[in-house]
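Given next are the chains, with one letter for each unit.
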Amino acid sequence: MGRIYNFSPGPAMLPVDVLTEAADEMLDYRGSGMSVMEMSHRSKVYEGIIQEAEKDLRELMNIPDNYKVLFVQGGASQQFAAVPMNLMKNKVADYIVTGQFAKKAYEEALIYGKINVVASSKDKTFSYIPDCSDLPISEDADYVYICENNTIYGTKFKTLPNTKGKDLVADVSSCILSEPVDVSKYGLLFAGVQKNVGPAGVVIVIVREDLVREDTLPGTPTMLKYKTQADNASLYNTPPAYGIYICGKVFKWIKNMGGLEVMKEKNETKAKLLYDFLDQSKLFKGTAEKKDRSLMNVTFVTGNDELDAKFVKEAKAVGLENLKGHRTVGGMRASIYNAMPYEGVKSLVDFMKKFEAENL
Ligand SMILES: *Cc1c(COP(=O)(O)O)cnc(C)c1O
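All of these numbers come straight from a predicted model, not from anything done at the bench. (Residues numbered from 1 in each chain as written. Predicted model: local features only at pLDDT ≥ 70, side-chain atom pairs only at ≥ 80, totals over all residues. Heavy atoms only, no water.)

Here the focus is the domain arrangement of the protein. Under the domain assignment used here, the protein contains domain 1 (5-12 + 258-359) and domain 2 (16-256). Centre-to-centre, using C-alpha coordinates, domain 1 lies 26 Å away from domain 2. Contacts between domain 1 and domain 2 engage 30 residues on the former and 28 residues on the latter. Between domain 1 and domain 2 the total buried area reaches about 2,400 Å² when both faces are included, carbon and sulfur atoms providing 55% of it. Taken together, the links from domain 1 to domain 2 amount to 19 residue pairs in polar contact (both at pLDDT 80 or more). Counting only elements with at least two residues in the side of domain 1 that touches domain 2, the list comes to α7 (260-280) and β12 (297-301). At 6 residues, the largest contribution of residues to the side of domain 1 that touches domain 2 is made by α7. In terms of residue class, the side of domain 1 that touches domain 2 is made up of 12 nonpolar, 11 polar and 7 charged. (Domains from an automatic or database assignment. Contact = heavy atoms within 4.5 Å. Buried area = accessible area lost by both parts, 1.4 Å probe. Polar contact = N/O pair within 3.5 Å; in protein donor to acceptor, adjacent residues only side chain to side chain. Helix = DSSP H or I, 4+ residues; strand = E, 2+ residues; numbered from the N terminus. Nonpolar A, V, L, I, M, F, W, Y, C, P; charged D, E, K, R; others polar.)

Here we come to the pairing of β12. Counted residue by residue, β12 has 4 buried out of 5 residues, so it is predominantly covered. Here strand β11 (residues 285-286) runs beside β12; their pairing, made up of 2 bridges, is antiparallel. Paired with lysine 285 across the strands is valine 301, a residue of β12. Inspection of the sheet shows β12 paired to strand β14 (residues 332-335) by 4 bridges, in the antiparallel sense. Paired with phenylalanine 300 across the bridge in β14 is methionine 332. (Buried < 20%, exposed > 50% of the residue type's maximum accessible area, 1.4 Å probe, protein only. Pairing = 2+ DSSP bridges.)

Before going further, it helps to spend a moment on unusual backbone geometry. Residue glycine 10 is joined to proline 11 through a cis peptide bond whose omega torsion reads -10°. Examined against the element boundaries, proline 11 turns out to sit in the loop between β1 (5-6) and α1 (16-24). Its identity as a non-glycine residue notwithstanding, phenylalanine 126 has a phi of 55°, on the positive side. Considering the arrangement of structural elements, one finds phenylalanine 126 in the loop between β4 (114-120) and β5 (144-147). Its identity as a non-glycine residue notwithstanding, alanine 233 has a phi of 50°, on the positive side. Among the secondary structure elements, alanine 233 is positioned in the loop between α5 (226-231) and α6 (241-257). Its relative accessible area of 48% is what places alanine 233 among the partly exposed residues.

Ordered by their spatial adjacency, 7 strands build an open sheet running β2-β10-β9-β8-β5-β3-β4, and the pairing between neighbours is mixed. Bordering the open sheet on either side are β2 (67-72) and β4, each of which pairs with just one other strand. Ignoring strand direction, the axes of neighbouring strands in this sheet form an average angle of 20°. Inspection of the sheet shows strand β3 (residues 92-97) paired to β5 by 2 bridges, in the parallel sense. Bridge pairing in β5 places aspartate 94 opposite valine 144. Contacts between helix α3 (residues 75-87) and the sheet are confined to β2, β3, β5, β8 (168-171), β9 (188-192) and β10 (203-208), with β9 contributing the most and set at about 160° to the helix. (Axes fitted to C-alpha atoms, helices over the stretch in contact; angles between N-to-C directions.)

This paragraph deals with the environment of methionine 85. Topologically, methionine 85 is positioned in helix α3. Looking at methionine 85, the relative accessible area reads 8%, which means it is buried. Residues methionine 85 and isoleucine 111 lie 26 residues apart in sequence; the distance between their C-alpha atoms is 9.8 Å. Beyond its immediate stretch of four places on either side in the chain, methionine 85 contacts Tyr112, Thr216, Leu217, Gly219, Thr220, Pro221 and Leu224.

A word on empty space enclosed by the protein. Under the counting rule described, the total for this entry stands at 3 cavities of 30 Å³ or more. As a volume, the largest cavity reaches approximately 80 Å³. Around the largest cavity sit Met61, Glu148, Lys156, Val172, Cys175, Ile176, Leu177, Ser178, Glu179, Val181 and Leu189, which together line it. Of the residues belonging to the lining of the largest cavity, the class tally is 7 nonpolar, 1 polar and 3 charged. (1 Å grid on protein atoms, 1.4 Å probe; cavity = no way out; pocket = protein on both sides within 12 Å on 5 of 7 lines; lining within 4 Å. Points joined across faces, edges and corners; volume = space filled by probe spheres on them.)

For the rest of this paragraph, the subject is the environment of lysine 310. Within the element layout of this structure, lysine 310 appears in helix α8 (residues 305-317). Overall, lysine 310 belongs to the partly exposed group, its relative accessible area being 35%. Between the C-alpha atoms of lysine 310 and proline 161, which are 149 residues apart in sequence, the distance is 40 Å.

Here we take up the packing of aromatic side chains. Scanning all chains against the criterion turns up 16 aromatic pairs. Look at phenylalanine 311 and phenylalanine 351: their rings are 5.5 Å apart centre to centre, the planes differ by 45°, and that puts the pair in the tilted class. Highlighted residues: phenylalanine 311 in helix α8 and phenylalanine 351 in helix α9 (residues 342-359), separated in sequence by 40 residues. Like phenylalanine 351, phenylalanine 311 is buried. Taken together, the ring pairs connect Phe80, Tyr95, Tyr106, Tyr143, Tyr145 and Phe190 into an aromatic cluster. Here the guanidinium or amino end of lysine 124 rests over the ring plane of tyrosine 128, the centre of that ring lying 5.5 Å away. (Phe/Tyr/Trp six-rings, centres within 6.5 Å; stacked < 30°, edge-to-face > 60°. Lys NZ or Arg CZ within 6 Å of the ring centre and 35° of its normal.)

A few words now on the side chain of aspartate 308. The residue aspartate 308 is located in helix α8 in this model. Comment: no salt bridge for buried aspartate 308; closest opposite-charge side chain is lysine 324, at 9.4 Å. Contacts of aspartate 308, omitting those with residues within four sequence positions, involve Val301, Thr302, Gly303, Gly331 and Met332. (Lys, Arg positive; Asp, Glu negative; His and termini not counted. Salt bridge = Lys/Arg side-chain N within 4 Å of Asp/Glu carboxyl O.)

Dropping the structure here:
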């Protein structure tokens, strides 16, 4: 088959098993006589699909009973507004800015309240995670916000910030399901699924019950209230039905593989292969500080823009695609999410060795 190794940051690779199963069920989902795309979201069959997806996600992430799981739309970016609209009481929040998505979230939150940047890594082009063990957390902060894995810069929080008792809100779009997490440490987590779970169009929100409130900021649209979505089990209106169905299949795929512990081992093995190569390479250099390196997005450069462009072009010619870094930082980025097989990373490293020998 003509599949390539797709290192795109998102939408990204999906497991072949999941795509094959979805293809098999495309015309007739399990005797229903129709595709899931054609199905009423109020039907018994679809109810089964969405409920099972939630159940599997709860099992995988060990989500405590006092947390709601919501499947919503609008992309992760919509949550940049939904979070302050739903969580602000004092209209004060503290943000840790470690990259573009954290910055966007911060800028959006400015519309709704007094927002303090309590830490940032802007001084070194977001190449590291600042020490967050003793930050000047505001007395009256409604929450502390992080972007846990910085998709563009290839960094990740290895320890969560000390929020001094305030609720932690995390954008986990590019690291959800990559390793086990302790959900109880967060007030709210959200993720656009197109990085590490499923097709674009679905956002997973996991939120502690007491943060699902009636008294949201004035003007909060009905659709953006977590309460609307929670009270209606994500079926207030038509949900992104097909996307949720694919997410459900990915949850099963991870469960069958052994869950998040196994996923983590696999991801560490893949990332190590690439980082170990980078650390001894005479041509390529990793751009993220070692202690903060992401398992999911690996950023690197040659130090020469023309050579970077040549690398991206020649890699594409051998079936290693979408290695160009984000337009704002240049260089290269290999996104190696759950669905990227070890062989894909091995092929990339082999190609990098060859390219190095030819271009040094
Ligand atoms: C991609 C990404 C976003 C933006 O997601 P959309 O669904 O396109 O809005 C936000 N945060 C992180 C960490 C991302 O990787």
